Amino acid sequence: MSDAPLDAIDDVVGVLTEQIEIRFGMKMDQLKAAVAAAPTANSQATDVVKWHGLLLESQAALERAEDTLVAALDGQPSEVDDPTMELAHRVNAAVTARDGRAMVVRWLIDPEARGKQDLAARRLARLRGRQGPAVTTSPPPRPATTQQQGRSLAR
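(A) Local environment of the overall build of the chain. From N to C terminus, the chain includes seven helices and zero strands. Along the chain direction, N to C, the helices and strands of the chain fall in the order α-α-α-α-α-α-α. Taken across its 155 residues, the chain has 22% of its residues classed as buried. Put simply, of all contacts in the chain between residues at least 6 apart along the chain, 55% involve residues at least 24 apart. Carbon and sulfur atoms provide 55% of the accessible area of the chain, an area that totals close to 11900 Å².

Encoded structure:
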């Protein structure tokens, strides 16, 4: 096993941030600024920045949930009560949310990821390039003719 501290091994956000920086060749702050300046210039960068932000939010929520659980356990007798068990469930839910978002970030930064080379991915990439709607969003106006104006449906 590695001699690295446990926190360094479990630092999901740090590892993914480093991979993003390598992938785009710039620090995360620079990438965020570039995306903010031109959000449509690189859709991959925009998606990565968005999901990285969501990942950071999830990590912060996880850390708050863990801190709350630790505080509750410190004052607990040997038996864990129901409110403390609920806090443990919140920590598990926060881990699941964080890990799910981490998987999305990992998928976004991997150009060879499964599903990126198939037909659906190519179609999605073509659709992303469109600026307007793919189809008309309102019906075309119907020209009125003198014959149709006086007619009724019932005969």
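(B) Local environment of a nonpolar patch on the surface. On the surface, Leu73, Val80 and Met85 cluster together into a nonpolar patch covering about 250 Å² of accessible area. Its place among the elements puts leucine 73 in helix H4 (residues 43-74). Taking the relative accessible area as the measure of exposure, leucine 73 reaches 39% and is therefore partly exposed.

(C) Representation of the environment of arginine 64. Positionally, arginine 64 belongs in helix H4. In the structure, arginine 64 is positioned 27 residues away from valine 91 in sequence and 8.8 Å away in space, judged by C-alpha atoms.

(D) Broad picture of the nonpolar core. Membership of the largest hydrophobic core comes to 15 residues, with the highest contact counts inside it found for Leu16, Ile20, Phe24, Leu31, Val48 and Leu55. Only helix H2 (12-24), helix H3 (28-37), H4 and helix H5 (82-109) provide two or more residues apiece to this core. In contact with leucine 55, not counting residues within four places along its chain, are Val13, Leu16, Arg98, Arg101, Ala102 and Val105. Of all hydrophobic cores here, the second largest spans six residues; its members include Ala65, Leu87, Val91 and Ala94.

What counts and what doesn't
Residues numbered from 1 in each chain as written. Predicted model: local features only at pLDDT ≥ 70, side-chain atom pairs only at ≥ 80, totals over all residues. Heavy atoms only, no water. Helix = DSSP H or I, 4+ residues; strand = E, 2+ residues; numbered from the N terminus. Buried < 20%, exposed > 50% of the residue type's maximum accessible area, 1.4 Å probe, protein only. Contact = heavy atoms within 4.5 Å. Areas by Shrake-Rupley, 256 points an atom, 1.4 Å probe, with all protein chains shown as cover. Patch = residues over 30% accessible without salt bridge, like charges linked within 9 Å, V, L, I, M, F, W, Y side chains within 5 Å. Salt bridge = Lys/Arg side-chain N within 4 Å of Asp/Glu carboxyl O. Core = buried A, V, L, I, M, F, W, Y, C linked by side-chain atoms within 4.5 Å.

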